[in-house]
Each structure stands twice: as C-alpha cells, then as structure tokens.
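Now for the letters of each chain:
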Amino acid sequence: VRAAWGEALDLPAYMATEGRMAAALKKIGFDYVFDTNFSADLTIMEEGNEFLERMTHADQYSWPMFTSCCPAWVDLLEKYHHDMIPHFSTCKSPQSMVGAMAKTYYAEKMGIDPAKIRVVSVMPCTAKKWEIVRSEDMRSSGFQDVDVSITTRELARMIKQAGIDFRKLHDEEADSPLGEYSGAATIFGATGGVMTAALRTAYFYITGEELGNLDFKEIDGLEGIKACEVDIKGTKVRIAVAHGIGNVEQVLDKVRAARENGEEVPYHFIEVMACRGGCIAGGGQPRVMMPDQPKPRGITDDIRKKRARGLFDEDLNAKNRLSHHNESIKTLYAEYLGKAGSEKAHELLHTHYVPRGLYKK
Ligand code: SF4
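What this report covers is the structure whose coordinates are included nearby. Per chain, residue numbering runs from 1 following the sequence as it is written. The model is predicted, so local features are restricted to residues of pLDDT at least 70 and side-chain atom pairs to those at 80 or more, both for listing and for counting; the totals for chains, interfaces and linings are taken over all residues. In computing side-chain properties, one takes all heavy atoms of the structure into account and sets aside hydrogens as well as water.

### Quick look at the site of the ligand
At step 1: Proximity is defined per residue: any heavy atom of the residue falling within 4 Å of a molecule or strand makes that residue near it. Neighbouring residues of the ligand: Cys70, Pro71, Ala72, Cys125, Lys128, Met273, Ala274, Cys275, Cys279 and Gly282.
At step 2: For the shell around the ligand, a count of residues per class yields eight nonpolar, one polar and one charged. For this classification, Asp, Glu, Lys and Arg are treated as charged, while Ala, Val, Leu, Ile, Met, Phe, Trp, Tyr, Cys and Pro are nonpolar and the rest, including Gly, are polar.

### Observations regarding the sheet that holds strand 1 (residues 65-66)
At step 1: Note: two strands are recorded as paired if DSSP finds a minimum of 2 bridges between them. Comment: elements are numbered from the N terminus, with helices defined as DSSP H or I runs of at least four residues and strands as E runs of at least two. Overall, mixed pairing links the four strands, which are arranged 1-6-5-4 in an open sheet. Each edge of the open sheet is held by one strand with a lone partner, namely strand 1 and strand 4 (225-232).
At step 2: By the bridge criterion, two bridges tie strand 1 to strand 6 (residues 269-273) in an arrangement that is parallel. Each residue of the ladder has a partner; that of methionine 65, found in strand 6, is phenylalanine 269.
At step 3: Here helix 9 (residues 193-207) sits on the sheet in contact with strand 4, strand 5 (235-243) and strand 6, set at roughly 155° to strand 6.
At step 4: On top of the sheet, helix 10 (residues 245-260) reaches strand 1, strand 4, strand 5 and strand 6; it is set at about 145° to strand 5, its chief contact. For this analysis, residues touch if any pair of their heavy atoms sits within 4.5 Å. Convention adopted: a line fitted to C-alpha atoms gives each axis, helices being fitted over their contacting stretch, and angles between N-to-C directions are expressed from 0 to 180 degrees.

### Structural notes on empty space enclosed by the protein
At step 1: Note on definitions: the grid is 1 Å and covers protein atoms alone; a cavity is a set of points where a 1.4 Å probe fits but cannot get out; a pocket is an open set with protein on both sides within 12 Å along at least five of seven lines; lining residues have an atom within 4 Å of a point. Grid points are joined across faces, edges and corners, and a volume is the space filled by probe spheres set on the points. Summed over all chains, the structure comprises one cavity of 30 Å³ or more.
At step 2: Its boundaries defined by the atoms lining it, the largest cavity holds a volume of some 70 Å³.
At step 3: If you go around the largest cavity, you meet 13 residues; those closest to its centre are Ser68, Val74, Ser93, Glu131 and Arg134.
At step 4: Here the lining of the largest cavity is built from residues that sort into six nonpolar, four polar and three charged.

### Some thoughts on the side chain of glutamate 47
At step 1: Here glutamate 47 shows up in helix 3 (residues 36-57).
At step 2: The side chain of glutamate 47 sits in the buried core without any salt bridge; arginine 54 is the nearest counter-charge, 9.7 Å away.
At step 3: Each polar contact in these results corresponds to two N or O atoms within 3.5 Å; when the atoms are within protein, one needs to be able to donate a hydrogen and the other to accept it, and residues that are neighboring in sequence are counted only if both atoms are side-chain atoms. There is a polar contact of 3.5 Å between the side chain of glutamate 47 and the side chain of serine 89.
At step 4: Glutamate 47 has contacts with Met65, Thr67, Ser68, Ser89, Cys91, Val194, Ala198 and Phe269, leaving out every residue within four places of it along the chain. The cut-offs for exposure are 20% and 50% of the maximum accessible area for each residue type, with area from a 1.4 Å probe on protein chains only; residues under the lower value are buried, those over the upper are exposed, and the others partly exposed. In this count, Lys and Arg are taken as positive residues and Asp and Glu as negative ones, while His and the chain termini are left out. Salt bridge, as applied in this entry: a Lys or Arg side-chain nitrogen positioned within 4 Å of an Asp or Glu carboxyl oxygen.

### Re the nonpolar core
The nonpolar side chains of a soluble globular protein tend to be buried with one another.
At step 1: In terms of nonpolar packing, the biggest core is built from 50 residues, with Phe66, Trp73, Ile239 and Ile270 touching the most fellow members.
At step 2: Top contributing element to this core by residue count: helix 9, with seven residues.
At step 3: Ranked by size, the runner-up nonpolar core spans 25 residues in total, among them Leu332, Tyr336, Leu337 and Ala340. Buried Ala, Val, Leu, Ile, Met, Phe, Trp, Tyr and Cys residues that are joined via side-chain atoms within 4.5 Å together make up what is termed a nonpolar core.

### Some words on the packing of helix 3 against helix 12 (residues 327-337)
For any two helices packed against each other, the geometry comes down to the angle between their axes and how far apart the axes lie.
At step 1: Contact geometry for helix 3 and helix 12: axes closest at 10 Å, N-to-C directions at 65°. Classified by chirality, the crossing of helix 12 by helix 3 is right-handed. The segment helix 3 lies against helix 12, with Phe38, Asp41, Leu42, Met45 and Glu46 engaging Ser328, Ile329, Leu332, Tyr333 and Leu337.
At step 2: Of the residues belonging to the contact of helix 3 with helix 12, the class tally is seven nonpolar, one polar and two charged. Handedness of a crossing is defined here by the sense of rotation of the near helix relative to the far one, left-handed for an anticlockwise turn of less than a right angle and right-handed for a clockwise turn.

Given below as structure tokens:
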C-alpha cells in the first residue's frame with residue numbers, strides 16, 4: 001500500500017509517506033493506526049521458527065516449505081493442490097496477525113473491550129477481503145479478528161470523499177506498539193521480499209549469528225521463477241521464488257516430478273505470490289492506462305519495478321533491517337506470546353488448511 005497509495009491521489013513520491021497516510025486515516029476518524037509491517041515482522045518470527053523446526057527435525061518428506069501470506073495462493077492450494085497442504089507454512093498473513101493482536105494483546109494492554117474494536121485493514125489486494133472470513137481461525141480473538149478489508153484504491157476514494165486536503169497533512173507516527181517495523185517487513189510487498197526477510201531471521205535462528213550480506217540479488221527482479229542456494233553454516237538451502245500463478249504451477253510440477261522419481265525435491269523453501277511482481281501489483285492497487293484501453297486498467301512492468309524499488313530502498317535505508325531486532329516484537333513475545341512457536345502463538349497467529357475443491361491433482 002505504501003508503495004502505491006500516492007499514485008491514486010496524484011501525490012509526488014516525497015509526499016506519499018506512510019506518515020501522511022496515517023495522518024489521513026486519523027483525520028477520517030480512526031482512533032488508532034497501526035502498521036501492517038509490524039505484523040510482517042511477526043510473520044517472519046513465526047515462519048523463521050517453522051523453518052528451523054523443519055530443518056532440525058526434518059526428513060526428506062518435510063520439504064519443501066511454502067510461504068503462506070498470499071491468500072490467493074492459499075485458496076489455490078486448498079482447492080487444487082491438496083497434496084501440498086503439509087508443506088504449507090501455518091503462519092497467518094500479516095493482515096490476519098495484526099487483527100488478532102489488536103483484539104487481544106493491544107486490547108488488554110489498553111484496557112479496551114475487544115467487542116468494541118472494529119479493525120479495518122488497508123491492503124493492496126482483493127483476495128484479502130476473502131481471507132478475513134476464510135475459516136474459524138480468523139476469529140482467534142473470540143471475534144472476527146479483522147472486520148473489514150479495503151484496498152488501496154478504496155482508501156484513496158475514502159480520503160477524497162472525506163474532503164481531506166491531504167497535501168497539507170503532516171506526517172504522524174503509527175500507534176505503538178503495533179507500529180514499529182524493520183526494513184525486512186517493508187520488502188514483503190515485492191516478489192523475493194518475503195523470502196529475503198525470512199532468510200535473514202532463519203539464519204539467525206539456526207546459527208545464532210547475523211547474516212553478513214542481507215540482500216539476495218538472485219531473487220530480486222521480475223523473472224517469473226527465481227532460485228538460488230544459500231549456505232547456512234555448511235547446509236545448502238535451496239530456495240525458489242515464484243510469482244504469477246502460471247509460474248507457481250511450474251514449480252509444483254518440478255517438486256512432484258522429483259518425488260515421483262525418488263529424487264530430492266529441488267527446493268527447501270519456496271515463496272509464492274499470486275500477482276506478478278507481488279503485492280505492489282495486487283488487484284486493489286492503483287491502475288494505469290494501458291494501450292487501447294479507455295480508462296486505467298492495468299499495471300506495467302515499469303510501474304512494478306518503480307514500486308518495488310521504493311520498498312527495497314526503504315529497507316536499505318532502514319535503521320533496523322531485521323525482524324528479530326524489532327523491539328516491539330521482542331516486547332510482545334516477552335509480555336504476551338512467550339516465544340516463537342509457543343502454544344499461545346499457535347492459537348493466535350497460525351492457521352490450518354483443509355481441502356476444499358472437487359479436483360485433486
Ligand atoms: Fe494479494 Fe496479490 Fe499480494 Fe497475493 S500477491 S497477497 S493476491 S496482492
């Protein structure tokens with residue numbers, strides 16, 4: 001959302017800050033504004049821990065592990081790829097995690113009755129509207145964790161309809177403690193970003209040391225399927241990043257073919273995003289004029305690259321580029337969740353998948 005919301009309001013990049021977005025939301029009437037990047041860091045803590053668990057206790061059948069933060073990918077899995085269900089991370093997406101935390105941890109901390117909280121999330125995505133009611137797990141707080149999910153374009157429309165002179169707004173910080181985030185969280189929105197963020201923290205979990213080089217150039221960019229090998233203290237971890245559903249299918253076919261031939265699967269860890277380029281190009285993002293179309297209809301690769309660059313630059317310039325160094329996340333675990341993968345973390349931050357479709361490959 002942060003990469004594109006200004007486009008929908010014709011704001012120049014230097015004015016389209018997340019601080020101005022927070023100020024606009026407060027002006028519209030929201031009491032608290034959080035940053036989904038906070039819960040992207042939380043997702044990484046849980047997903048990194050899952051990866052560690054698989055590495056520690058794994059046999060060859062535990063691999064690969066798939067990321068799970070894209071609801072369109074979750075939907076596809078539950079309908080068409082039932083054999084891959086055991087390979088899915090059980091982590092909820094950042095949207096669902098922040099909703100659960102707002103109505104439990106934050107509500108308790110602030111002494112607010114969760115029944116009186118309405119959580120509205122702003123997402124780049126139309127599949128996120130479905131995600132908030134996907135299963136009973138989306139009511140982990142005892143209420144629907146996220147009440148309404150609106151898109152970036154809908155946010156822009158709301159700001160315009162509210163008659164806010166958004167150019168005159170001053171930056172406002174997101175509310176603490178669900179507002180702090182790392183550079184790793186920022187890059188979630190671009191293809192390769194979730195994997196990069198996860199590897200930074202997984203490396204720390206596994207070795208107790210920080211990665212020397214925090215960037216993985218091999219999985220940057222718009223190539224449909226990207227892959228590389230990461231050396232984690234002598235263990236070669238094979239990773240892949242697929243975006244665009246057609247590319248996902250190719251990766252799944254490769255995994256199945258290896259299994260059928262009794263070979264090691266080609267990848268240990270796979271990031272999947274349904275949209276080409278990732279969430280920066282989601283179905284709820286601002287659109288641009290395409291050739292032969294009477295009104296804005298699509299997103300070009302130039303726009304995808306520009307939005308992704310914005311996120312990766314923000315990460316490069318961030319004071320903290322690691323999810324596990326987010327101080328508010330550390331406090332959340334110390335005060336409330338215990339540790340990553342704890343029973344409470346599973347109750348609130350994880351989900352499970354069920355075969356839904358009629359067709360099984
Ligand atoms: Fe939504 Fe697309 Fe992002 Fe998936 S990749 S979460 S469908 S915007």
